[in-house]
Amino acid sequence: MFYVYILESSQNKSYYTGSCGNIQLRLNQHNRGLVRSTQRFIPWNLLYFEEHEDLKSARRRESQIKNWKKRKSIERLIEHFKI
């Protein structure tokens, strides 16, 4: 399985959307500063994820979410999601 995930920075409440094959490993990488684009706003919390059969569909969905222009769109997506 592959995943699309949304993280929120505890520092400034910004969101980060990504895709991966192992969510726990990837979250650990974000919080250890191993991902250049997120190291400035550590720590990160996992707010949302969805499963996909293959990496191609996960990346397609990641791109779709990243193209949303308003923060409200992401907030609506995660509103009823409980981890």
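Conventions adopted
- Within every chain, residues take consecutive numbers counted from 1 along the sequence as written.
- It should be noted that, the model being predicted, local features are given only for residues of pLDDT at least 70 and side-chain atom pairs only at 80 or more, the latter also being counted only at that level, while totals for whole chains, interfaces and linings use all residues.
- Side-chain numbers come from the whole structure's heavy atoms, not from hydrogens or water.
- In the sections that follow, a salt bridge refers to a side-chain nitrogen of Lys or Arg positioned within 4 Å of a carboxyl oxygen of Asp or Glu.
- Numbering of helices and strands runs from the N terminus, with a helix taken as a DSSP run of H or I at least four residues long and a strand as a DSSP run of E at least two residues long.
- To sort residues, take the accessible area from a 1.4 Å probe on protein chains only and compare it with the maximum for the residue type: under 20% means buried, over 50% means exposed, and anything in between is partly exposed.
- For two strands to count as paired, DSSP must find a minimum of two bridges between them.
- For helices, the axis comes from a line fit to the C-alpha atoms of the stretch in contact; other axes are also lines fit to C-alpha atoms, and the angle between any two N-to-C directions lies between 0 and 180 degrees.
- Should any heavy atoms of two residues lie within 4.5 Å, those residues are counted as being in contact.
- Between the rings of Phe, Tyr and Trp (Trp by its six-membered ring), a pair exists once the centres lie within 6.5 Å; its type follows the angle of the planes, with under 30 degrees stacked, over 60 edge-to-face, and the other angles tilted.

A. Representation of the pattern of salt bridges within the structure. Applying the stated criterion to the full structure yields 4 salt bridges. Two residues, E62 and K66, come together in a salt bridge whose shortest N-O distance is 2.8 Å. Placement of the pair is E62 and K66 together in helix α2 (residues 55-66), with a separation of 4 residues, close to one helical turn. For E62, a relative accessible area of 11% translates into the label buried.

B. The arrangement of the sheet that holds strand β3 (residues 44-52) in detail. Strand order in the open sheet made by the 3 strands is β2-β1-β3, with antiparallel pairing throughout. Two strands close off the open sheet at either side, each with one partner strand: β2 (15-20) and β3. For this sheet, the mean angle separating the axes of adjacent strands, direction not counted, is 20°. Lying over the sheet, helix α1 (residues 23-31) contacts β1 (2-9), β2 and β3, oriented at roughly 150° with respect to β3. Across the sheet, α2 is in contact with β1, β2 and β3; its angle to β1 comes to roughly 30°.

C. Representation of the packing of aromatic side chains within the structure. Using the criterion set out here, one finds 5 aromatic pairs in the structure. Geometrically, the ring pair formed by Y16 and W44 is edge-to-face, given 6.3 Å between the ring centres and 65° between the ring planes. Taken together, the positions of Y16 in strand β2 and W44 in strand β3 put the pair 28 residues apart, joining distant regions of the chain. For Y16, a relative accessible area of 17% gives the class buried. W44 gets classed as buried once you look at its relative accessible area, which sits at 4%. Ring pairing ties together the aromatic residues Y3, Y48, F49 and F81, which thus form one cluster.

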